[in-house]
Amino acid sequence: MTPPDAALRLLGDLEQVVLGQQAVLRQLMITLLARGHALVEGVPGTAKTLAVRALARGLGLAFGRVQFTPDLMPTDLVGVNILGDAGFTYKPGPVFADLLLADEINRAPPKTQAALLEAMEERQVTVDGKTRALPAPFTVFATQNPVEYEGTYPLPEAQVDRFLMKIVVDYPPAEAEQAILDRHEAGFRADDEATYSMGEPMTREELVERRAAVDGVHMDERVRRYVTDIVRATRDDAAFVLGASPRAGVALFQAARAEAYLQGRDFVTPDDVKSLSFPVLRHRVVLTAEAEVEGRSSDDELRSLLETLEAPR
């Protein structure tokens, strides 16, 4: 198995740039290694953009950022054919990037959201009947604000299901917030990558090798059955109006393999599956009105559900 040294080195670099968000950064790395996309939710100012920008720099890949707004059109994202003297010429949109940050995705109208989600699913775009492939490492990190709803278009359940994980970014601990101020006093600037103090970027070839290594991580049949049991249990849980789809099982399978790889193992443990059940499933289930009124979250219900299922030994 290809060792995870390059991935761990990059993860260490990211933790020096984004302070107090180790779990978030690890989940971003898992998303990348598992060939998925992530929905990153957090209030403004919690370093969502900084984390993705630092990740792009640490990979040496082309980074694109789109600020989603109510007037953003699908052609603003995927590109458009422009008529010139020699006929029509295709002008690619910002979606043709290795890593794309879709900032505040829930501010764009459904038609534009659908254009991005189609690109995520098919890893290609079709403009005026012609299909164009996106770059091989193509990964989307979409952000949304959980507290501001005016002027937003919530993602439909069928579309949000295409994200491998929903990563929740909370406020950093007090010591990390103090360290953030100390670092800015020393000259750090979030908008200046030269101040990030990161090592040599992981090459595209190294990323391909490590993704292939994740695909080689073994999951025992009993652990695979545990994945299926968890996903199916969400459909029978009285707290959920909508349970997780079969795609959720595939996502949990692949994310757990990436976590095992980062741990330096060539096999998945039940703990890998359990720990990643929250980011993989929280956006794929819908709570009942009663559970919401009681102030319970998807994570609360998932935690209760996992306690009722016996993990393989």
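Read on for an overview of the structure.

Conventions we followed
- Residues numbered from 1 in each chain as written.
- Predicted model: local features only at pLDDT ≥ 70, side-chain atom pairs only at ≥ 80, totals over all residues.
- Heavy atoms only, no water.
- Helix = DSSP H or I, 4+ residues; strand = E, 2+ residues; numbered from the N terminus.
- Rg over C-alpha atoms; globule rule 2.2 N^0.38 Å.
- Buried < 20%, exposed > 50% of the residue type's maximum accessible area, 1.4 Å probe, protein only.
- Contact = heavy atoms within 4.5 Å.
- Axes fitted to C-alpha atoms, helices over the stretch in contact; angles between N-to-C directions.
- Parallel < 35°, antiparallel > 145°, perpendicular 65-115°, else oblique.
- Left-handed = near helix turned anticlockwise from the far one by under 90°.
- Nonpolar A, V, L, I, M, F, W, Y, C, P; charged D, E, K, R; others polar.
- Phe/Tyr/Trp six-rings, centres within 6.5 Å; stacked < 30°, edge-to-face > 60°.
- 1 Å grid on protein atoms, 1.4 Å probe; cavity = no way out; pocket = protein on both sides within 12 Å on 5 of 7 lines; lining within 4 Å.
- Points joined across faces, edges and corners; volume = space filled by probe spheres on them.

1. What to know about the overall build of the chain
Inference 1: Broken down by element type, the chain carries 13 helices and 11 strands.
Inference 2: Computed over the C-alpha atoms, the radius of gyration of the chain is 20 Å, within 12% of the 20 Å expected from 2.2 N^0.38 for a compact globule of 313 residues.
Inference 3: Once the C-alpha set of the chain is aligned to its principal axes, its extents read approximately 65 × 45 × 40 Å.
Inference 4: For the chain, the proportion of its 313 residues judged to be buried stands at 50%.
Inference 5: Taking the contacts inside the chain whose residues are at least 6 apart along the sequence as the reference set, 78% of them involve residues at least 24 apart.

2. Digging into the environment of Thr75
Inference 1: As for its placement among the helices and strands, Thr75 is situated in helix α4 (residues 74–78).
Inference 2: Given the relative accessible area of 42%, Thr75 is considered partly exposed.
Inference 3: Considering only alpha carbons, one finds Thr75 and Thr49, 26 residues apart in sequence, at a separation of 23 Å.

3. Details of the packing of helix α2 (residues 22–33) against helix α10 (residues 246–262)
Inference 1: Where α2 meets α10, the axes come as close as 9 Å, and the angle between the chain directions of the two elements is 115°. When the axis of α2 is compared with that of α10, the two are roughly perpendicular. Read as a crossing pair, α2 and α10 show a hand that is right-handed. Here Arg26, Met29, Ile30 and Leu33 of α2 come into contact with α10, specifically with Ala255, Ala258, Glu259, Tyr261 and Leu262.
Inference 2: For the contact of α2 with α10, the per-class residue count stands at seven nonpolar, no polar and two charged.

4. Some words on the packing of aromatic side chains
Inference 1: Applying the stated criterion to the full structure yields two aromatic pairs.
Inference 2: For the ring pair Tyr90 and Phe96, a centre distance of 6.2 Å and an interplane angle of 75° mean the geometry is edge-to-face.
Inference 3: A relative accessible area of 15% means that Tyr90 is categorised as buried.
Inference 4: Under the relative-accessibility criterion, Phe96 is labelled partly exposed at 25%.
Inference 5: Ring geometry for Phe188 versus Tyr196: centroids 5.8 Å apart, planes at 25°, classification stacked. Accessibility assignment for this pair places Phe188 and Tyr196 in one class, buried.

5. Brief notes about the layout of surface pockets
Inference 1: A volume near 780 Å³ is recorded for the largest pocket.
Inference 2: Lining the largest pocket are 25 residues, with Glu41, Gln144, Lys166, Arg282 and His283 positioned closest to its centre.
Inference 3: Secondary-structure elements contributing two or more residues to the lining of the largest pocket are β1 (38–41), α6 (157–160), β9 (165–168), β11 (286–287) and α13 (298–308).
Inference 4: Grouping the amino acids of the lining of the largest pocket by side-chain chemistry returns 11 nonpolar, seven polar and seven charged.

Everything listed here is a matter of coordinates, which is why it stays silent on function.
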